[in-house]
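Take a look at the letters that make up each chain.
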Amino acid sequence: MSMRKKQSKKNKRKNYKKANDKSASLENENKDLTAKLSALQEGAHPDYVDEVVTLAKAKGNEDIGKAIGEVLEKFPSFKGDKEDNGAKGMNVFAKGEHQSKNKSGSIVDQFKAAWNK
């Protein structure tokens, strides 16, 4: 076989492998996007879609939709509006009174008074 034919076969194999790798990459990306869409349709909060999909994939179920449903059932904080169900990021300390009701001065003055007793 001539050197030129060997190079041609080598290039064809290389191009075939690249095409297969690209195809596999696109298939994985398609599966990821489909899973994310499924999570949103199941009611996952958009901020937590990646977490829901990761947990669903870890379950190892063939049916990603069923796995997503199980994750959302087990972790309801990933569902819907994060303000309503206590999901991470909710500022629970922002509710309530922030000012001292004691009229005897600022908190610093109160602290100084208590320290000097």
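A quick note: this is a predicted structure, and the numbers were derived from the prediction, not measured. (Residues numbered from 1 in each chain as written. Predicted model: local features only at pLDDT ≥ 70, side-chain atom pairs only at ≥ 80, totals over all residues. Heavy atoms only, no water.)

Novice: An account of the packing of aromatic side chains is requested, with residue identities and associated values reported.
Specialist: One pass over the full model with this rule turns up two aromatic pairs. Residues Tyr48 and Phe78 carry aromatic rings whose centres are separated by 5.5 Å and whose planes lie at 45° to one another, so their mutual orientation is tilted. Of this pair, Tyr48 sits in the loop between helix 1 (3-42) and helix 2 (49-59) while Phe78 sits in the loop between helix 3 (64-74) and helix 4 (107-115); the two residues are 30 residues apart in sequence, bridging distant segments of the chain. We classify Tyr48 as buried; its relative accessible area is 4%. By way of ring pairs, the aromatic residues Tyr48, Phe75 and Phe78 are connected into one cluster. (Phe/Tyr/Trp six-rings, centres within 6.5 Å; stacked < 30°, edge-to-face > 60°. Helix = DSSP H or I, 4+ residues; strand = E, 2+ residues; numbered from the N terminus. Buried < 20%, exposed > 50% of the residue type's maximum accessible area, 1.4 Å probe, protein only.)

Novice: Give me the nonpolar core: which residues, what numbers.
Specialist: Ala39, Ala44, Val52, Ile68 and Leu72 are the most contacted members of the largest nonpolar core, which totals 13 residues. At the level of secondary structure, the elements contributing two or more residues to this core comprise helix 1, helix 2 and helix 3. Residues contacting Ile68, with those up to four places away along its chain left out, are Ala35, Ser38, Ala39, Glu42, Val52 and Ala56. (Core = buried A, V, L, I, M, F, W, Y, C linked by side-chain atoms within 4.5 Å. Contact = heavy atoms within 4.5 Å.)

Novice: Outline the packing of helix 1 against helix 3, listing residues and values.
Specialist: Contact geometry of helix 1 with helix 3 gives a least axis separation of 10 Å together with a crossing angle of 45°. The angle between helix 1 and helix 3 places the two elements in the oblique class. Like other packed secondary-structure pairs, helix 1 and helix 3 cross with a definite hand, here right-handed. For the pair helix 1 and helix 3, the contacting residues are Ala35, Ser38, Ala39 and Glu42 in the first and Ile64, Gly65, Ile68, Gly69 and Leu72 in the second. Along the lines of polarity and charge, the residues of the contact of helix 1 with helix 3 split into five nonpolar, three polar and one charged. (Axes fitted to C-alpha atoms, helices over the stretch in contact; angles between N-to-C directions. Parallel < 35°, antiparallel > 145°, perpendicular 65-115°, else oblique. Left-handed = near helix turned anticlockwise from the far one by under 90°. Nonpolar A, V, L, I, M, F, W, Y, C, P; charged D, E, K, R; others polar.)

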